[in-house]
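Spelled out, the chains give:
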Amino acid sequence: MPSVVSAPAASPLLELRQIHLRRGGQEVFAGLNLGLAEERIGLIGHNGAGKTSLLRLLCGLELPQTGEVLSQGQSLHALPAGQLRAQRVGMMFQNPDDQIIFPTVEEELALGLQPRGLSRRETLAAARAFLAERSLADWGARAVSTLSQGQRQRLCWLALLLAGPRTLLLDEPYASLDLPSQAHLSDEIAACGRQVIVSTHVLGPVRDCARVIWLHEGRVQADGPGSEVCAAYEAAVACELAQARAGRAPTPCAL
Ligand SMILES: Nc1ncnc2c1ncn2[C@@H]1O[C@H](COP(=O)(O)OP(=O)(O)OP(=O)(O)O)[C@@H](O)[C@H]1O
Ligand SMILES: [Mg+2]
């Protein structure tokens, strides 16, 4: 097992303490502890490892059976679900169709501005201006259903960016993006000035993160600099594949 373990960071924006989570009879986490202080954190691991569940816990969409989720030292679930929580943390869903509510792009973007107490006219105007700054003015009145999968994923990212919580949780944001769009998203993440926690199977964008957490079956398998954790994960996958192709049962050298 890799021995990559990061030093505990001071003053985490988000923290999980002794989290036990069952989803539909499945035990996902059994006593998970994590402090999340770094501005860029990658989350990697096999399908079913617990990445989405972790992000859902961090934004209050999932309630642990026991344990606590802390936002800036306060219990997340004790915070009002409206404006204050929306300012602290927001999530971009793995599947854009689980996130998008409104029929048009500008209405979807405007939704994230509602907690600021603006009028509908003001939120729509801000959404249009935001699109125009990105040379996407023609997207404003477009029906979301006419966007491609990758474009809907980009819309979800833009909606979260415009809403602007302190921490942005991105669940597989690169999954449907072409290579230029992946690079563009990485640049926007780097420039956004927010804490970003990104779950991904595309390792390139998180390889240079100061911190990457590798989850395996609900446990932290490795936690440290992106270059080291990604290399350890790739080595484990290569080992696992070699064993499977040779018809051998996996041994601890793999995972
Ligand atoms: N709604 C649910 N009901 C029951 N079990 C669930 C539910 N959602 C997820 N699980 C289980 O919880 C575990 C963690 O799932 P999760 O979606 O967090 O994994 P993941 O790392 O995000 O996987 P992927 O890479 O496929 O997105 C899996 O074993 C999964 O089967
Ligand atoms: Mg997932």
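Residues numbered from 1 in each chain as written. Chains lettered and ligands numbered in written order. Predicted model: local features only at pLDDT ≥ 70, side-chain atom pairs only at ≥ 80, totals over all residues.

So, the sheet that holds strand S3 (residues 40–44)
An order of S6-S7-S8-S3-S9-S10 is seen for the six strands of this open sheet, with the pairing classed as mixed. The open sheet has two free edges, formed respectively by strand S6 (89–92) and strand S10 (219–224), since each of these has just one partner strand. Going across the sheet, the axis of each strand differs from the next one's by a mean of 15°, ignoring polarity. In terms of strand pairing, strand S7 (residues 167–171) meets strand S8 (residues 195–199) through five bridges, oriented parallel. Bridge pairing links leucine 168 to valine 196 in S8. Against the sheet, helix H6 (residues 149–163) contacts S6 and S7, and its axis sits at roughly 170° relative to S6. (Pairing = 2+ DSSP bridges. Helix = DSSP H or I, 4+ residues; strand = E, 2+ residues; numbered from the N terminus. Axes fitted to C-alpha atoms, helices over the stretch in contact; angles between N-to-C directions. Contact = placed C-beta atoms within 7 Å.)

Things to note about the nonpolar core
Nonpolar side chains in soluble globular proteins tend to end up buried together. One finds Leu58 and Leu169 to be the most contacted residues of the largest nonpolar core, which totals 59 residues. A total of seven residues in this core trace back to one element, the largest contributor, which is H6. Apart from residues lying up to four places away in sequence, leucine 169 is in contact with Leu55, Leu58, Cys59, Val89, Gly90, Met91, Met92 and Ile197. (Core = buried A, V, L, I, M, F, W, Y, C linked by C-beta atoms within 7 Å. Buried ≥ 20, exposed ≤ 12 C-beta atoms within 10 Å, placed from the backbone.)

Here's the deal with the sheet that holds strand S1 (residues 14–23)
Spatially, S2-S1-S4-S5 is the arrangement adopted by the four strands of the open sheet, whose pairing is antiparallel. Strands with a single pairing partner mark the edges of an open sheet, and in this sheet they are strand S2 (26–36) and strand S5 (74–75). As judged from the two bridges shared by strand S4 (residues 66–71) and S5, these two strands associate in the antiparallel manner. Bridge pairing in S5 links serine 71 to glutamine 74.

Observations concerning the confidence of the model for the protein
This prediction gives the protein a mean pLDDT of 90; 94% of its residues lie at or above 70. In the model, residues 1–8 has pLDDT below 50 throughout and makes 16 contacts with residues more than four positions away in sequence or in other chains. (pLDDT = per-residue confidence, 0-100.)

Brief notes about the site of ligand 1
In the vicinity of ligand 1 lie 13 residues, with Gly24, Asn47, Lys51, Thr52 and Ser53 positioned nearest. Among the secondary structure elements, those contributing two or more residues to the shell around ligand 1 are S2 and helix H1 (51–58). Considered class by class, the residues forming the shell around ligand 1 number two nonpolar, nine polar and two charged. (Near = placed C-beta within 6 Å. Nonpolar A, V, L, I, M, F, W, Y, C, P; charged D, E, K, R; others polar.)

What to know about unusual backbone geometry
One non-glycine residue with positive phi stands out, namely glutamine 18, at about 50°. Relative to the helices and strands, glutamine 18 is located in strand S1. What makes glutamine 18 partly exposed here is the crowd of 13 C-beta atoms within 10 Å. Even without being glycine, glutamate 217 reaches a positive phi, approximately 50°. Relative to the helices and strands, glutamate 217 resides in the loop between strand S9 (211–216) and S10. Classification of glutamate 217 by C-beta neighbours within 10 Å gives partly exposed; the count is 15.

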